[in-house]
Amino acid sequence: MQCIIEGCTNEGVNNFGIRLRRPNTSAIWSPNTETYICDYHASRGLRVVVLLEPTEHSELETIVRSVSQPASRTTRITHTPTE
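Residues numbered from 1 in each chain as written. Predicted model: local features only at pLDDT ≥ 70, side-chain atom pairs only at ≥ 80, totals over all residues. Heavy atoms only, no water.

1. Some thoughts on the overall build of the chain
Okay, so step 1: Assigned secondary structure in the chain consists of 1 helix and 4 strands.
Okay, so step 2: Mapped from its N terminus to its C terminus, the chain presents α and β elements in the order β-β-β-β-α.
Okay, so step 3: Considering the chain as a whole, with its 83 residues, one finds that 12% of them fall into the buried category.
Okay, so step 4: In the chain, of all internal contacts separated by at least 6 residues, the share reaching a separation of at least 24 is 53%.
Okay, so step 5: Per element, the accessible surface of the chain, about 7500 Å² overall, is 47% carbon and sulfur. (Helix = DSSP H or I, 4+ residues; strand = E, 2+ residues; numbered from the N terminus. Buried < 20%, exposed > 50% of the residue type's maximum accessible area, 1.4 Å probe, protein only. Contact = heavy atoms within 4.5 Å. Areas by Shrake-Rupley, 256 points an atom, 1.4 Å probe, with all protein chains shown as cover.)

Structure follows, in structure tokens:
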């Protein structure tokens, strides 16, 4: 798979997923998406924007786009790439 970042030609080896946790940290759901990110962009940092829309379908739909938007939280990346 190719990295989802626009203009990037690197192989996307890291699958982007999301998780909804209960207070005891067990997951209510935690799907992977069909989105892959290369080691370079994974270790350099990303801005993640989340839009939640409720449904009544008992399903979780994930849509991931490569766009630039402001984020409300910054988390330092402490792992180095495996390359």
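Now that the structure is up, let's keep going.
2. Some words on unusual backbone geometry
Okay, so step 1: Backbone geometry places threonine 25, a non-glycine residue, at a positive phi of 75 degrees.
Okay, so step 2: With respect to the helices, strands and loops of the structure, threonine 25 is situated in the loop between strand E2 (20–21) and strand E3 (27–29).
Okay, so step 3: Judged by its relative accessible area of 49%, threonine 25 is partly exposed.
Okay, so step 4: You will see that serine 58, though not glycine, has its phi angle at about 55 degrees, which is positive.
Okay, so step 5: Locating serine 58 in the fold gives a position in the segment after helix H1 (39–44).

3. Structural notes on the state of the cysteines
Okay, so step 1: Scanning the model with the defined rule gives 0 disulfides in all.
Okay, so step 2: Cysteine 3 takes part in no disulfide bond, and the closest cysteine sulfur, belonging to cysteine 38, lies 3.7 Å away.
Okay, so step 3: Residue cysteine 38 is classed as buried on the basis of its relative accessible area, which comes to 1%. (Disulfide = S-S within 2.5 Å.)

4. Focus: the environment of arginine 65
Okay, so step 1: Position of arginine 65 among the secondary structure elements: in the segment after H1.
Okay, so step 2: Arginine 65 gets classed as exposed once you look at its relative accessible area, which sits at 64%.
Okay, so step 3: Linking arginine 65 and valine 48, residues 17 residues apart in sequence, is a C-alpha distance of 9.8 Å.

5. Section: the confidence of the model for the chain
Okay, so step 1: Of the residues in the chain, 80% reach a pLDDT of 70 or more, and the chain-wide mean stands at 81.
Okay, so step 2: Long-range and interchain partners of residues 68–73, a stretch whose pLDDT sits below 50, account for 7 contacts in this model, where long-range means more than four residues apart. (pLDDT = per-residue confidence, 0-100.)

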